[in-house]
Amino acid sequence: MNVVFAVKQYVSKMIEDSGPGMKVLLMDKETTSIVSMVYTQSEILQKEVYLFERIDSLNRETMKHLKAICFLRPTKENVEYLIQELRRPKYSIYYIYFSNVISKSDVKSLAEADEQEVVAEIQEFYGDYIAVNPHVFSLNLLGCCQGRSWDLAQLSRTAQGLTALLLSLKKCPMIRYQLSSEPAKRLAECVKQVITKEYELFDFRRTEVPPLLLILDRSDDAITPLLNQWTYQAMVHELLGINNNRIDLSRVPGISKDLREVVLSAENDEFYANNMYLNFAEIGSNIKNLMEDFQRRKPKEQQKLESIADMKAFVENYPQFKKMSGTVSKHVTVVGELSRLASERNLLEVSEVEQELACQNDHSSAHQNVRRLLQNPKVTEFDATRLVMLYALHYERHSSNSLPGLMMDLKNKGVSEKYRKLVSAVVEYGGKRVRGSDLFSPKDAVAITKQFLKGLKGVENVYTQHQPFLHETLDQLIKGKLKDGQYPYLGPSTLRDRPQDIIVFIIGGATYEEALTVYNLNRSTPGVRIVLGGTTIHNTKSFLEEISASGFRGRGAESSQITVRASSRR
């Protein structure tokens, strides 16, 4: 179950099916992102694709010597653009591929428009999602719900993306969903509807244990997306932001022109592939090794070129050398900037308190530490607010809850009202009243013993002791112990055996910390393959945007004091 490979295969097949000759790849905004995640432009150029165009760009030239490969989402707009295109074709022949199921009536409209008979074929290739890592996919959707209900356009797009994923991996799954979430149930029903309607497409060879689709809701764990991260991929996204593998470094002091935007893709960057899940301390020493390796090779390249053989060797090695030079300068810049931000914003200290708020239950220590950091001028308003949010979520109903005082501290620190309002918005979004599970205090004896032992043993790294709630959910699922009462099956049949192929999807967005959890579970559990998807991949900034976009505006700091006092009496 490798989503990058699945999308890559579709793109290769499209290009191969069109035969030899010069080609143009005609895409829309979304399919451009889908393709760019799995192939570099130079890789596609090697396959005789010499031009990349958008179907919605109005001033494309007529080039009758090119074949057109169209890869488009099956939307009304795209069908309309294609109809216009076929009435006045700019290219010699058209191979049309839709990224999802296309209606018969749309195919009929296209056939009617094809008066010059330039269409060679129309097919469905189900690459209708963003393949982020081999085991992670996203739909790049922000603000998928309004309150606790789906935005209908986003529900339709999510169901399409999820069914395309299943088709591309050739899985017809049983479905389980989080009972406490209405959107999870709704999405489960929509996916089931598509599978029933398109039963011929989903008629795959039966496996002994059917695959399982588990649909969850982000509001069940609002803690994970609020934490600072210390593994490479997650930290880059948290501090710099990853957008379709691209990182904007234009704000880095003294940045050179060619490094203003860099691409981090495990597909064609070996250093990134080997280091994306390692923690920051290890990255530092690995960068040093990379630099030293580069330095060792460098003098050889600058030897005198005295013979033809020398020149030949230089020319042969130069592309590798150039690529290595680009890799070194890119990672040195990225790691340097992460390091600068971590010290400028005092993130080690901030992160230690975040981890305490997420993983331990000592209220007075947590309260003191948060107050201490709120007084620290190095702590930004963003990090200060994040600490208060974590406190508000964890100690929401604690008898000594001191949220009003902390809200006052935020105000005195000069934190804007926009951020202060978000504290109550986060609690409204993912507080105790909403959660279907117990995020903080383990109830059964086994869990309490586990936590106690963890406390005795100490953690190997104080900054990464937090485990996303997803870890426990998947662990229970793999062992066959996930409660049907909390995560019911859709439909009458249930899974008798432990699941082997698991697709887990989080409405409201997944995180790179959860991607790491899934990566580790895949490595440590033989026979189990897990793919993680989300409506998007969040960092703290985008998570707070998600909450605002979903209509959780929060109250002013003053009114939140009243609710807290009232709730602490319960």
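Numbering of residues starts from 1 in every chain and runs along the sequence as written. Totals for whole chains, interfaces and linings use all residues, but because this is a predicted model, local features are given only for residues with pLDDT of at least 70 and pairs of side-chain atoms are given and counted only at 80 or more. For the side-chain quantities, the full set of heavy atoms in the structure was used; hydrogens and water were omitted.

Under an unreviewed UniProt entry, the name given to the chain is Vacuolar protein sorting-associated protein 45, and the organism recorded is Terrapene triunguis. UniProt positions are given in the numbering used here, feature names are shortened, and annotations may be inferred rather than shown by experiment. Looking at the chain in UniProt, the text filed under Sequence similarities (unreviewed entry) is "Belongs to the STXBP/unc-18/SEC1 family." In UniProt, the chain has this text filed under Function (unreviewed entry): "May play a role in vesicle-mediated protein trafficking from the Golgi stack through the trans-Golgi network."

Visitor: Describe in detail the overall build of the chain, supporting the description with residues and values.
Guide: Secondary structure is summarised from DSSP: a helix means a run of H or I of at least four residues, a strand means a run of E of at least two, and numbering begins at the N terminus for each. Counting secondary structure elements, the chain contains 21 helices and 18 strands. Note on classification: 1.4 Å probe, protein chains only; a residue is buried when its accessible area is under 20% of the maximum for its type, exposed when over 50%, partly exposed between these limits. Here the chain holds 570 residues, and the buried ones make up 53% of them. A total of about 27,100 Å² of accessible surface is found on the chain, and carbon and sulfur atoms cover 50% of it. Under the convention used here, a 1.4 Å probe and the Shrake-Rupley method define accessible areas, while residue burial counts only the protein chains that appear.

Visitor: Now, about the sheet that holds strand 17 (residues 529-534): what can you tell me, with residues and values included?
Guide: In this scheme, strands are said to pair when DSSP sees at least two bridges between them. Pairing is mixed in the open sheet, where six strands are placed in the order 6-7-17-15-11-10. The two strands at the open ends of the sheet, each matched to only one other strand, are strand 6 (130-133) and strand 10 (174-177). Ignoring which end each strand starts from, the neighbouring axes of this sheet average 25° apart. Where strand 7 (residues 136-138) lies against strand 17, three bridges are found, and the strand directions are parallel. Within the sheet, the bridge partner assigned to Val136 lies in strand 17 and is Leu532. Its contacts with the sheet place helix 1 (residues 3-17) against strand 6, strand 7 and strand 17, and it is angled at close to 140° to strand 6. To get an axis, fit a line to the C-alpha atoms, keeping to the stretch in contact for a helix; angles then go from 0 to 180 degrees between the N-to-C directions. Contacts are assigned to residue pairs with any non-hydrogen atoms lying within 4.5 Å of each other.

Visitor: I'd like a rundown of the nonpolar core, residues and numbers included.
Guide: By convention a nonpolar core is built from buried Ala, Val, Leu, Ile, Met, Phe, Trp, Tyr and Cys residues, the set being connected through side-chain atoms within 4.5 Å. Formed by 159 residues in total, the largest nonpolar core has its most connected members in Leu187 and Ile215. Counting residues per element, this core draws most heavily on helix 14 (residues 381-394), which supplies nine residues.

Visitor: Explain the packing of helix 14 against helix 16 (residues 417-430) to me, using residue names and the numbers behind them.
Guide: Direction vectors running N to C along helix 14 and helix 16 enclose 35°, while the axes themselves pass 9 Å from each other. Classified by chirality, the crossing of helix 16 by helix 14 is right-handed. On the side of helix 14, the interface is formed by Glu381, Phe382, Thr385, Val388, Met389, Ala392 and Leu393, while helix 16 contributes Tyr419, Leu422, Val423, Val426, Val427 and Gly430. Each crossing gets its handedness from the near helix: less than a right angle anticlockwise from the far helix is left-handed, clockwise is right-handed.

Visitor: Quick rundown of a nonpolar patch on the surface? Include the residues and the values.
Guide: Patch definition: residues with relative accessible area over 30% and no salt bridge; like charges joined within 9 Å; nonpolar side chains (Val, Leu, Ile, Met, Phe, Trp, Tyr) joined within 5 Å. Any Lys or Arg side-chain nitrogen found within 4 Å of a carboxyl oxygen on Asp or Glu counts as a salt bridge. The grouping of Met22, Leu45 and Tyr50 at the surface amounts to a nonpolar patch, some 280 Å² of accessible area in total. Examined against the element boundaries, Tyr50 turns out to sit in strand 2 (residues 49-54).

Visitor: Any details on the sheet that holds strand 3 (residues 67-72)? Residues and values, ideally.
Guide: An order of 2-1-3-4-5 is seen for the five strands of this open sheet, with the pairing classed as parallel. The two strands at the open ends of the sheet, each matched to only one other strand, are strand 2 and strand 5 (119-124). Geometrically, the sheet is characterised by an average inter-axis angle of 15° between neighbouring strands, direction not taken into account. The pairing of strand 1 (residues 23-27) with strand 3 spans five bridges and is parallel. Along strand 3, the bridge assignment pairs Val24 with Ala68. Of the strands in this sheet, strand 1, strand 3, strand 4 (93-98) and strand 5 touch helix 4 (residues 76-87), which is tilted by about 170° from strand 4.

Visitor: Can you break down the pattern of salt bridges residue by residue, with the values?
Guide: Summed over all chains, the structure comprises 27 salt bridges. Close ionic contact of Asp484 with Arg176 constitutes a salt bridge, the shortest N to O distance being 3.0 Å. Taken together, the residues span a long stretch of sequence, with Asp484 in the loop between helix 18 (469-478) and strand 15 (501-507) and Arg176 in strand 10 at a distance of 308 residues. Here Asp484 falls in the partly exposed class, since its relative accessible area comes to 43%.

Visitor: An account of the side chain of Asp269 is needed here, citing residue identities and associated values.
Guide: As for its placement among the helices and strands, Asp269 is situated in the loop between strand 14 (261-263) and helix 9 (270-275). Of the residues examined, Asp269 reaches a relative accessible area of 3% and is grouped as buried. A polar atom in the side chain of Asp269 sits 3.2 Å from the backbone nitrogen of Phe271. In protein, a polar contact means a hydrogen-donor-capable atom and an acceptor-capable atom, both N or O and within 3.5 Å, with residues adjacent in sequence counting only if both atoms are side-chain atoms; elsewhere, any N or O pair within 3.5 Å suffices. A distance of 2.9 Å separates a polar atom in the side chain of Asp269 from a polar atom in the side chain of Lys330.

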